[in-house]
Amino acid sequence: MAKKSFGQLNPAQKEAVTHGNGPLLVLAGAGSGKTRIITERIAYLVSSKNVAPRSILAVTFTNKAANEMKERIHGLIGQDARSLWIGTFHSVCLRILKREITNLEGFGRDFTIYDDGDQLRLIKQCMAELNISDRTYTPRSIRSKIDGAKNKGLGPEDFRGDIYEKTVSYIYDLYEKELRRANALDFSDLLHVTVRLFIEKPDVLKRYQGFFQHILVDEYQDTNPVQYKIVELLSKKHRNLFVVGDDNQSIYGWRGADITNILGFEKDYPDTSIIKLERNYRSTKTILEASNKLISNNRHRHEKELWTENSLGESISYYLARNEKDEAKYVCSQIRLEAVKEGYSYKDIAIFYRTNTQSRQIEEELLYSSIPYRIVGGIGFYQRAEVKDVLAYLRVIANSQDEMSLRRIINVPARGIGKGTLQILEDIAEKNGVALYDALDLAAEDKTLPKSSAVKLEKFYKLVTELISYSRENGIGELIDRVLQKTGYLDILEREPERRENVGELFNIAAEYENEGAEGDTPQPKESENTELNEFLDRISLASDLDTYNDKTDQVALMTLHSAKGLEFPVTFIIGLEENLLPHFNSVRGGEIEEERRLLYVGLTRAREKIYLTSSSRRLVFGKEESPTPSRFLSEIPEAFITANMYQGESRRTSGNRSEKSNLPLKTPVRQSGNGKSYKAGQQIEHKKFGLGTIRKVEGSGDKAKVTVHFARYGTKKIIASYLEGK
DNA sequence: GGGGCTAAGCTTTTT
DNA sequence: GCTTAGCCCC
């Protein structure tokens, strides 16, 4: 089966797929068939090299990518695909930790995973306990310090220096203690603790080293130091490390990703082979050329230039809007056009933006225009208060030590356990050296507590213990039902249909999970009591909104440029190309322009056929109106590839046909072949690339006039006058 | 202890 | 402009 598909691979691709043993770096440009290489390689290893699927580890960047890869490989090699290890770094580490974490002192198997919200709350709590004001040090900045440390494998003891460093150290230290006490791991811990495990327990590492004969890593340009370490450790024995990436698409520097991992791969693995995939199968020549030109402004990169045999395609549209509303309206009207006149489906179209907030205006306008859409990412389903509440109940049931969740639900719905009572409860816990949950049971005998409060606590304790025993005999769906009824949460939902719907959806997810689990390919140790519930909660913790994105329903996709990585669409819009937005203010200030440029590069290279770029001359920032200037990146794309427009609304008649081009941010073209000539409809002209054509329409005058030309070979195009030769 | 109101801070990007 | 946290009154 695999053999048949080899025929369709180009020589470089084939070389990568059939590479022998030893390290290999595949520098794969956008749209060069990166994912395909990995899937084909795995199929090749299994069917031609007789490598056991269970000894192949493939790491992807998102769960969605992992699932797609699994499916594709399943199509190539069948059932064998099930025993492959495919997942994100986080999910693979989770799987390893679930088996091995008890080898480490102070860690339990049924740990809870804290998401960044939980993390932030815990940091705040720690800061309060240490009497550190959250004004001088924001919990967010502390979190990024702690995360940064974990990503580099540093502990609290590694912060020594000035007062700030010492403060971070105290908080970090307490934070870690609290995590252990709650039997919880944060996101970074999943990786960090795995490395610790490997280093402290060499025998465990040895087992996994022997186990994974082949390791494949996708999106290698976005690995951080811990991930690098994991890969290094695991591949040490067999040394069959196959990494694929594109340094031009490294956009996660802020999350600790270290672009030198890919730039310095040859140094780390001196015997490595390198294969470059430079042929692009996705985009038109125009799109590819424009992207190449843009990214060539970056200095830190592997030299490579993408090319394609695809057609030239249409020029990139640029629209300068009057304000955000106008920008949104323009986007919607163009979508309409593409759908009605050009025959595109809504699912062929995507809108990308730098920050999540930008989706709001667009969303409003899409609703108004009745264009079906779907926001990918953003404020996710699992962040909603009611969903988090129900999940917090489940988490406490699965791991009663999980204090963060316990605090969340102890008075939701209101049951008379307020701040005062909680304080006393904390004291009881501390006095007796037990967890908050166990302190509930001691409350009845405590003298410091008012009788009425003691009764309430006791009642709550009974409620939870009852639910815990219920959970052992019943499925997750039934458990959710039970929780809702017994806790009185149902009454809250009665009054709020939207929330009820969300909780209903959570119920559906649970039911779906249970069905799928019945087929069973989860070889988990059965030592813990609530395996199924635990696995469900784990899955949810790592699930992101992107994973559920389904490209089959006919909806326009809205997402950030970061989320867009790895996807492709025939028609794309990138909005808000303004200074301080793209490139973002913080990056301009921090001098991280190259990453911003890569971000736009990622955006541009998602498109197969058409790109629309927009910026706005007015924008509300923090509720204040600003007048941003168009992004510097616009002028880095040669004008020849761009057709520019601007707002021509109500004022058009009064201001006459005033030349709008003078305001456009594009720099004047280098070539001046059309100098001084004038054009009119009907005239024959010649263009260097398109050949002979007839002018249909002229807008503006002089070199910068936009001329609509019908070319015999390429159809109708809008072109800047200076690129034409009169006939 | 609960609920409602006001003020401040916020927004980069995500596993 | 919107959301959250903290404060005050019932």
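Figured I'd write up the structure that's included with this text. (Residues numbered from 1 in each chain as written. Chains lettered and ligands numbered in written order. Predicted model: local features only at pLDDT ≥ 70, side-chain atom pairs only at ≥ 80, totals over all residues. Heavy atoms only, no water.)

### Here's the deal with the environment of L216
Of note, L216 is situated in strand β6 (residues 214-217). Its relative accessible area of 1% is what places L216 among the buried residues. In sequence terms L216 and F111 are 105 residues apart; their C-alpha atoms lie 28 Å from each other. For L216, the contacting residues outside a window of four places in its chain are I38, R41, I42, I56, L57, A58, V59 and F242. (Helix = DSSP H or I, 4+ residues; strand = E, 2+ residues; numbered from the N terminus. Buried < 20%, exposed > 50% of the residue type's maximum accessible area, 1.4 Å probe, protein only. Contact = heavy atoms within 4.5 Å.)

### Re the protein's contact with DNA strand C
The immediate surroundings of DNA strand C are formed by K124, R360, F622 and G623. Within the side chain of K124, a nitrogen or oxygen atom sits 3.3 Å from a phosphate oxygen of DNA strand C. (Near = heavy atom within 4 Å. Polar contact = N/O pair within 3.5 Å; in protein donor to acceptor, adjacent residues only side chain to side chain.)

### Here we look at the pairing of strand β3 (residues 85-88)
When strand β2 (residues 56-60) meets β3, the two strands line up parallel, connected through 4 bridges. Residue pairing for β3: V59 is matched across the bridge by G87. Regarding the hand of the β-α-β motif, the stretch spanning β2, helix α4 (residues 63-77) and β3 is right-handed. (Pairing = 2+ DSSP bridges. Right-handed = clockwise from strand over helix to strand, strands pointing away.)

### Notes on the sheet that holds strand β9 (residues 316-321)
On the basis of which strands lie adjacent, the open sheet formed by 7 strands has the order β11-β12-β10-β13-β14-β9-β17 and parallel pairing. This sheet does not close on itself; its edge strands, each paired only once, are β11 (373-375) and β17 (642-646). Each adjacent strand pair in this sheet contributes to an overall mean axis angle of 20 degrees, direction not counted. In the sheet, strand β10 (residues 349-353) pairs with strand β12 (residues 556-560) via 4 bridges, with the strands oriented parallel. Following the sheet pairing, Y353 is matched in β12 by T560. Contacts between helix α14 (residues 285-295) and the sheet are confined to β9 and β14 (607-616), with β14 contributing the most and set at about 55 degrees to the helix. Contacting β9, β10, β12, β13 (569-574) and β14, helix α15 (residues 324-340) runs over the sheet at an angle of about 155 degrees to β14. (Axes fitted to C-alpha atoms, helices over the stretch in contact; angles between N-to-C directions.)

### A look at the protein's contact with DNA strand B
Around DNA strand B lies a shell of 30 residues, among which R140, R354, G416, T421 and N586 are the nearest. Backbone atoms, meaning sugar and phosphate, make up 50% of the atoms of DNA strand B lying within 4 Å of the protein. Interatomic distance of 3.1 Å between a side-chain N/O atom of H90 and a base oxygen of DNA strand B. At 3.3 Å from a phosphate oxygen of DNA strand B is found a side-chain nitrogen or oxygen belonging to H584. Looking at the surface near DNA strand B, the elements with two or more residues in it are α19 (419-432) and α26 (561-564). Counting residues per element, the surface near DNA strand B draws most heavily on α19, which supplies 3 residues. When its residues are assigned to classes, the surface near DNA strand B shows 7 nonpolar, 16 polar and 7 charged. (Nonpolar A, V, L, I, M, F, W, Y, C, P; charged D, E, K, R; others polar.)

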